[in-house]
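Letter by letter, the chains look like this.
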Amino acid sequence: MNISQLKYSDLKKLLDQGQLTCVDIVKYYLSQIEAHNSKLNAFLEVYASEALEKADQIDLKFQAGTAGELAGLVIGIKDLLCFEAHHSYAGSKILHSFKSTFSATAVQRLLDQDAIVIGRQNCDEFGMGSTNENSAFGPVLNFKNTAHVAGGSSGGSAVAVQANMCHISLGTDTGGSIRMPAAFCGVMGLKPTYGRVSRWGLIAYASSFDTIGPMARHVDDLALVLKYIAGADGQDSTVISMSEFSDKKPSTGKRIAYIKEMAEHPSLQADIKIAFFERLEQLKTKGYEIIPVDFPFVDALLPTYYILTTAEASSNLSRFDGVKFGHRTSVATKDLLDMYKKTRDEAFGEEVKRRIMLGTFVLSADYYDAYYTKAQKVRRLIKEFTQGLLVENDFLVSPTTSATAYRLGEKTLDPLQMYLGDLFTVQANVAGLPAISIPMGEDTQSMPMGFQIMADVFQEEAMLNLAKELV
């Protein structure tokens, strides 16, 4: 039995009936990790003995009738998420040897329901990248074809689900870091509404963009995990209680819009464009009205996103200085400032340094108004225009990415080309809206393609219902 292909609800029935044990499930996933991880580099650390011990304890709970709602659900967590008494490196040398003293709220809520964490997953350093080649621990390779990247920054999380090494992964999405690797790997990835899931315990890249979300094979599993990780948290003041949006009932409308400038973008791979319009025709046969719309801010999406996120990164990453935790230079230094410089130069990767430098520049006194302030104004315009489209329409759809998974090393020599790959995903983060990527078949080279759905705030249920109709 290939248990990784089952929805969790079906797996739970087998557990309830005694046809399967949690130990059986963990052993299966450990065997998959042993078979594949050495060549894919998806997991940085595997908690084999700990996961088996936890599984044994939960099996006893099943016998006693006290097992949690997610008992036996095997999850992997991105290296940006804290897990008490376990390493959290954020894909970086600068956090070498760091162990967290607490668990991220999203992780803890799954543990409270008897989910089992099987390991820590590779990612681009501090979530900065679209290919998962920027990790200090080497790139993650695509299980479909190891000559290709997994996508980033949650590449390890996507590949772990793709290669059946865990049932669910928890990733993070700042500008598409869940949806892009999901598309590249042929799995599903959900970015919730900003403020729906607590960021407590997430090592920050850009705090007003970062979102935690699940990756899975089934829509139902995404919905189930979201149910437990979402909700108010006293540790994160940006979490918005659903009670504040009690009038936001799931949309049942049939109006779907797509942005003409994106569907006709010159960077869009021909196979993806064909598959995208085929999906639109499929939706028409299901009674949906498909409406092309104009979006005047397409060219402003990436500059706005990168100016604001690098500014926030410059501030957030200032805490990694070699004083409190993680790496500290062993080279002799003349004073505290010299120690800061040497530590950060040794332990930060090139992409992280690039973004810190850019963020520091746009926050500098001479350029703050010219760049940062202006980007904040444009962000507001993008958000208002996008929400206006979602007042008139129920969903916005697009390809998730303009191309299928790049070949290894293809984008690393020209970072601007890598940044352009985020064009279709950053809109949801800039506007704080929920979005999901679902599989859309394969291109002529047999590489997965993704279809993206975006909805208004707190319309995840409606978005997931639409996704079900397409998979």
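See the structure printed just above.
Residues numbered from 1 in each chain as written. Predicted model: local features only at pLDDT ≥ 70, side-chain atom pairs only at ≥ 80, totals over all residues. Heavy atoms only, no water.

Draft legend 1. View of the side chain of Glu312. Note that Glu312 resides in helix α10 (residues 298-316). Here Glu312 is buried and forms no salt bridge, its nearest opposite-charge partner Arg379 lying at an N-O distance of 4.6 Å. Beyond its immediate stretch of four places on either side in the chain, Glu312 contacts Tyr205, Ala206, Ser207, Ser208 and Phe209. (Helix = DSSP H or I, 4+ residues; strand = E, 2+ residues; numbered from the N terminus. Buried < 20%, exposed > 50% of the residue type's maximum accessible area, 1.4 Å probe, protein only. Lys, Arg positive; Asp, Glu negative; His and termini not counted. Salt bridge = Lys/Arg side-chain N within 4 Å of Asp/Glu carboxyl O. Contact = heavy atoms within 4.5 Å.)

Draft legend 2. Inspection of the environment of Gln113 at higher detail. When you line up the elements, Gln113 lands in the loop between α4 (105-111) and β3 (116-121). Along the sequence, Gln113 and Asn134 sit 21 residues apart, while their C-alpha atoms lie 34 Å from each other. With residues near it in sequence (within four places) discarded, Gln113 still touches Gly68, Glu69, Leu70, Ala71 and Tyr228.

Draft legend 3. Main features of the pairing of strand β2 (residues 74-78). Most of β2 sits out of view: five of its five residues are buried. Residues of β2 alternate between two faces, with Val74, Gly76 and Lys78 on one and Ile75 and Ile77 on the opposite face, all of them buried. As paired strands, β2 and β3 are joined by five bridges and run parallel to one another. Residue pairing for β3: Gly76 is matched across the bridge by Gly119. Remark: the β2/α4/β3 crossover connection has right-handed handedness. Sheet analysis places β2 next to strand β4 (residues 168-173), joined by three bridges and oriented parallel. (Pairing = 2+ DSSP bridges. Right-handed = clockwise from strand over helix to strand, strands pointing away.)

Draft legend 4. Representation of the packing of α10 against helix α13 (residues 368-392). Where α10 contacts α13, the two axes come as close as 9 Å, and the packing angle between them is 125 degrees. By the angle between their axes, α10 is oblique relative to α13. With respect to the hand of their crossing, α10 and α13 are arranged in left-handed fashion. Between α10 and α13, the residues in contact are Ala300, Leu301, Thr304, Ile307, Leu308 and Ala311 and Tyr371, Tyr372, Ala375, Gln376, Val378, Arg379 and Ile382, respectively. In terms of residue class, the contact of α10 with α13 is built from ten nonpolar, two polar and one charged. (Axes fitted to C-alpha atoms, helices over the stretch in contact; angles between N-to-C directions. Parallel < 35°, antiparallel > 145°, perpendicular 65-115°, else oblique. Left-handed = near helix turned anticlockwise from the far one by under 90°. Nonpolar A, V, L, I, M, F, W, Y, C, P; charged D, E, K, R; others polar.)

Draft legend 5. Structural detail: unusual backbone geometry. A cis geometry characterises the amide bond from Gly152 onward to Ser153, with omega recorded as 5 degrees. In this structure, Asn132 is a non-glycine residue whose phi angle is positive, near 60 degrees. By relative accessible area, Asn132 is classed as buried at 0%. One non-glycine residue with positive phi stands out, namely Asn164, at about 60 degrees. Examined against the element boundaries, Asn164 turns out to sit in the loop between α5 (155-162) and β4.

Draft legend 6. Focus on the packing of aromatic side chains. Tallied over the entire structure, the rule returns 23 aromatic pairs. With centroids separated by 5.5 Å and ring planes inclined at 50 degrees, the aromatic side chains of Phe98 and Phe325 adopt a geometry described as tilted. Of this pair, Phe98 sits in the loop between β2 and α4 while Phe325 sits in the loop between α10 and α11 (336-347), and the two are 227 residues apart along the sequence. Among the residues examined, Phe325 registers a relative accessible area of 29% and is labelled partly exposed. Ring plane angle 55 degrees and centroid distance 5.8 Å describe the contact between Phe361 and Tyr371, whose orientation is recorded as tilted. With Phe361 in helix α12 (residues 350-363) and Tyr371 in helix α13, this pair connects stretches of sequence that are ten residues apart. Ring pairs connect the aromatic residues Phe98, Phe126, Phe320, Phe325 and Phe348, which therefore count as one cluster. Stacked on the ring of Tyr89, the Lys or Arg Arg120 has its end atom at 4.5 Å from the ring centre. Taking the ring centre of Tyr288 as reference, the NZ or CZ of Lys254 above it sits at 4.1 Å. (Phe/Tyr/Trp six-rings, centres within 6.5 Å; stacked < 30°, edge-to-face > 60°. Lys NZ or Arg CZ within 6 Å of the ring centre and 35° of its normal.)

Draft legend 7. Summary view of a nonpolar patch on the surface. A cluster of nonpolar side chains, Leu358, Phe361, Tyr367 and Tyr371, forms an exposed patch at the surface whose accessible area comes to about 340 Å². Look at Phe361 and you get partly exposed, because its relative accessible area is 34%. (Patch = residues over 30% accessible without salt bridge, like charges linked within 9 Å, V, L, I, M, F, W, Y side chains within 5 Å. Areas by Shrake-Rupley, 256 points an atom, 1.4 Å probe, with all protein chains shown as cover.)

Draft legend 8. Structural view of α5. Burial analysis of α5 places eight of its eight residues in the buried class, the great majority of the element. Every buried residue of α5 is accounted for by Gly155, Gly156, Ser157, Ala158, Val159, Ala160, Val161 and Gln162.

Draft legend 9. View of the sheet that holds strand β1 (residues 43-46). In spatial order, the strands read β1-β3-β2-β4-β6-β5-β10-β11-β9-β7-β8; together these eleven strands make up an open sheet with mixed pairing. The sheet terminates laterally at β1 and β8 (289-293), the two strands that pair on one side only. For this sheet the average axis-to-axis angle between neighbouring strands, irrespective of direction, equals 30 degrees. The sheet contact formed by β4 and strand β6 (residues 211-216) spans five bridges and is antiparallel. Bridge pairing links Leu170 to Pro214 in β6. Relative to β4, α5 is tilted by about 155 degrees, and along the sheet it contacts β1, β2, β3, β4 and β6.

Draft legend 10. Representation of the layout of surface pockets within the structure. As a volume, the largest pocket reaches approximately 390 Å³. If you trace the largest pocket, you find 16 residues lining it, with Phe102, Gly201, Leu202, Ile203 and Arg319 closest to the centre. A per-class count over the lining of the largest pocket returns ten nonpolar, three polar and three charged. (1 Å grid on protein atoms, 1.4 Å probe; cavity = no way out; pocket = protein on both sides within 12 Å on 5 of 7 lines; lining within 4 Å. Points joined across faces, edges and corners; volume = space filled by probe spheres on them.)

Draft legend 11. Quick peek at the pattern of salt bridges. Applying the stated rule across the entire model yields 20 salt bridges. In this structure, Glu281 engages Lys284 in a salt bridge whose closest nitrogen and oxygen atoms are separated by 3.3 Å. With a gap of three residues between them, Glu281 and Lys284 both fall in helix α9 (residues 270-285), about one helical turn apart. The exposure class of Lys284 is partly exposed, given its relative accessible area of 41%. Here Arg354 and Glu351 are joined by a salt bridge, their closest N and O atoms 2.3 Å apart. Of this pair, Arg354 and Glu351 both sit in helix α12, three residues apart, which is roughly one turn of the helix. A single salt-bridge network, built from bridges that share partners, covers Lys7, Asp220 and Lys468.

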